[in-house]
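So the chains spell out like this:
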Amino acid sequence: EDLVSIPIGRPIANTKIYILDRHLQPVPLGVTGEIYVGGAGVARGYLNRPDLTAERFIDHPFADEAGARLYKTGDLGRYLTDGNIEYLGRNDFQVKIRGFRIELGEIEARLAACDGVREAIVIAREDQPGDKRLVAYVVPQPGREISAAVLRAELATTLADYMLPGAFVSLDTLPLTPNGKLDRNALPTPDQAAIVVRAYEAPQGPTEQAIAEIWQDLLGIERIGRHDHFFELGGHSLMAVLATSRLRNTTKLDIHVRQVFLTPILSELAKTIHNTKTSILIPVRETGSNAPIFFIHPIGGEADYARVIEPYIDISSPIYGISAYGMGPGETPLESVELIAERYFQLIKSVNRDGPYIVIGYSSGGILAYEIARQALRSGSKIKFLGLLDTAHRAPTDCHTINETQTLIDWLRNEAHDIELKEIIAQDNIEKMFDMSKDMGLITRDVDNITLKRYLGVRTGMSKALSKYKLEKIAIQVNLFSAIDAEEKSNIINSHIKNSWTRLLASNLNIIDVCGTHDSIISLPHVQNLGIEISKAIRSVD
């Protein structure tokens, strides 16, 4: 086992332990969840504290007898293969950053297990309004010195990118209140020494200087050198979009966000910035002895989820993401599933010439993955594994009604009320629709309209391509990872999806249920389970 702390053992007599997700559903073996205690050993509640009793003692969702209770411990843990439970910290401080729900206790447990660390605390700071970041405070073991770069590199082997702290502050001791508890308000603001920086060399030339100034402003760092790494400094995918938008507005240099992912070191980015033809194939993990796994983008065009799921995929598997044509300067969105799949298959063969191939698509990307597999089989190539991540079966429809206006409204529908959508539709062009959406807070204001128009073009092209595509049965096993949520409505929708694929594929369909909704299966905590299930399914065909 890859332990981050000492196991706490098994339940004692007359008690049962449940490790559940936030929907009170059991998590799979090895996946982090909150520890609940049941059985005869559970008390009735807190004396004279009805509010705390209601918060901590809940109805037992799995008991047959009426009135049974579960105690919500607030502790995080996971089951090991030998039946023991590993404690992973507290669940008191859950934060949401850039749409991801993050358990600070899990990061603290992983950080405390790093070499040379005696104590560790992680908090979410918002030193600049609207810019919430994770900051780690670490007390080294006696006689040890620890660097931000080493800690970040060690955490990156077990945590997703968005769970990595942007700064690591080393302290002699953690500040305490007079009664001996951690004084979070006394934790200092991170300085330059807390950031993962490389040997400083001043930016050279106007392009490097422009990039450095934008990064310094976005990241809140006083000095950035030409050898510094955007993501090591605390950057993330949304910030990369903002950085490219600002660069376009201030210098007229037109680049796509994927260039930041391909060349995140400042000087290297500056070298490639004038090359408008960047690859849509994004290496996430290039090492490993197994056949590489290729994750295909959904309708939005980005394959960022490949980075999120990477820590939970078998370490022996190289991982690549494929984003969409049309988001880089001079690129035209493709409007045919067959053509998109043909282009992507050529990219896949540039990495793995002779196969066998492992292709997985999330949401609408599953349809692209399916067509890639169909074309590969037709050419005589071997598909080792085809995975569809909560992909709906689609029947051909009329694509003539699909346009940019309708696509934008569909894009905003989950965020806006009907009256707001009517106001947006009333605008007479896309630029005004973007501006009004920004005024309403539906779209981030810092993203320029050129970038938004490219994303909209990709969505429109994908919508047209999917509407024209007719699924044909293929003679290999298709693995459908189906999101199962506590909400009945979600499960009714997924029953329809399963039935549609079953009618097409019959015995060639393998359905694997995974916890979460369509959106949450690619974020914590559910993405852990998804990664484990994908690795298990791939191993089963070896």
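Presented here is an overview of the structure given in this document. Being a predicted model, the structure only gives us computed values, none of them experimental.

Broken down by element type, the chain carries 16 helices and 18 strands. A principal-axis box enclosing the C-alpha atoms of the chain has dimensions of 65 × 60 × 55 Å. Within the chain, the proportion of its 542 residues that are buried is 54%. Carbon together with sulfur atoms contributes 50% to the accessible area of the chain, which is approximately 25200 Å² in total. Between the mean site of the 58 positive side-chain charges and the mean site of the 69 negative ones, the chain shows a separation of 4 Å.

Here we come to helix α10 (residues 365-378). Over its 14 residues, α10 extends 20 Å from the first C-alpha to the last, a length consistent with the 20 Å expected when each residue adds 1.5 Å. By the burial criterion, the buried members of α10 are Gly 365, Gly 366, Ile 367, Leu 368, Ala 369, Tyr 370, Glu 371, Ile 372, Ala 373, Arg 374, Gln 375 and Ala 376. Of the residues one or two after α10, Gly 380 is the one with positive phi, at around 95 degrees.

Taken as a whole and judged by the stated rule, the model has 17 salt bridges. With its nearest N and O atoms 3.8 Å apart, the salt bridge here joins Arg 118 to Glu 119. The exposure class of Glu 119 is partly exposed, given its relative accessible area of 34%. We note a salt bridge from Arg 248 to Asp 448, for which the minimum N-O separation is 2.8 Å. Here the residue Arg 248 occupies a position in helix α5 (residues 237-251), and Asp 448 occupies one in the loop between α13 (430-439) and α14 (449-468), the gap between them amounting to 200 residues. Both residues of the pair, Arg 248 and Asp 448, count as buried.

We now examine the environment of Thr 407. Position of Thr 407 relative to the elements: it lies in helix α11 (residues 404-412). Overall, Thr 407 belongs to the buried group, its relative accessible area being 7%. Taking the C-alpha atoms as reference points, Thr 407 and Ile 474, separated by 67 residues in sequence, lie 31 Å from one another. Once residues lying within four places of it in the same chain are set aside, the contact partners of Thr 407 are Ile 402, Leu 456, Arg 459 and Thr 460. A polar side-chain atom of Thr 407 sits 3.3 Å from a polar atom in the side chain of Thr 460.

Attention shifts here to α13. Those residues of α13 that fall on the buried side of the exposure criterion are Ile 430, Met 433, Phe 434, Ser 437 and Lys 438. An end-on view of α13 places all buried positions within 135 degrees of arc, on one side of the element. Those residues of α13 that are buried lie in contact with α11, α12 (418-425) and α14. Measuring from the backbone nitrogen of Glu 431 back to the side-chain oxygen at the start of α13 gives 3.2 Å, which picks out Asn 429 as the cap. Following α13 by one or two positions, Gly 441 has its phi on the positive side, about 80 degrees.

Of all hydrophobic cores here, the largest spans 97 residues; its most connected members are Trp 215, Tyr 344, Tyr 370, Leu 386 and Trp 501. Residue contacts for Trp 215: discarding those within four places in its chain leaves Gly 220, Ile 224, Asp 228, Phe 230, Leu 233, Ala 243, Pro 264, Ile 265, Leu 266 and Leu 269.

Within a pair of aromatic rings, the relevant descriptors are the distance that separates the centres and the angle that separates the planes. Evaluation of the coordinates by the stated rule reveals 13 aromatic pairs. Considering the side-chain rings of Trp 215 and Phe 230, the 5.0 Å spacing of their centres and the 55 degrees angle between planes classify their relative orientation as tilted. Residue Trp 215 is found in helix α4 (residues 205-219), and its partner Phe 230 is found in the loop between α4 and α5; the two are separated by 15 residues along the sequence. For the pair formed by Trp 215 and Phe 230, the shared burial category is buried. Between the aromatic rings of Phe 345 and Tyr 357, the centroid separation amounts to 5.3 Å while the plane-to-plane angle is 80 degrees, which identifies the pairing as edge-to-face. One end of the pair, Phe 345, is in helix α9 (residues 337-351); the other, Tyr 357, is in strand β15 (residues 357-362), with 12 residues separating them in the sequence. The pair Phe 345 / Tyr 357 is uniform in exposure class, with both members buried. Pairwise contacts between aromatic rings join Trp 215, Phe 230, Phe 231 and Phe 261 into one cluster. Over the ring of Tyr 325 we find Arg 343, and its NZ or CZ is 5.5 Å from the ring centre.

About the cut-offs
- Residues numbered from 1 in each chain as written.
- Predicted model: local features only at pLDDT ≥ 70, side-chain atom pairs only at ≥ 80, totals over all residues.
- Heavy atoms only, no water.
- Helix = DSSP H or I, 4+ residues; strand = E, 2+ residues; numbered from the N terminus.
- Buried < 20%, exposed > 50% of the residue type's maximum accessible area, 1.4 Å probe, protein only.
- Areas by Shrake-Rupley, 256 points an atom, 1.4 Å probe, with all protein chains shown as cover.
- Lys, Arg positive; Asp, Glu negative; His and termini not counted.
- Charge placed at Lys NZ, Arg CZ, Asp CG, Glu CD.
- Expected span 1.5 Å × (residues − 1).
- Salt bridge = Lys/Arg side-chain N within 4 Å of Asp/Glu carboxyl O.
- Contact = heavy atoms within 4.5 Å.
- Polar contact = N/O pair within 3.5 Å; in protein donor to acceptor, adjacent residues only side chain to side chain.
- Arc of directions from axis to C-beta.
- Core = buried A, V, L, I, M, F, W, Y, C linked by side-chain atoms within 4.5 Å.
- Phe/Tyr/Trp six-rings, centres within 6.5 Å; stacked < 30°, edge-to-face > 60°.
- Lys NZ or Arg CZ within 6 Å of the ring centre and 35° of its normal.

Function-wise, these values are silent; they only describe arrangement.
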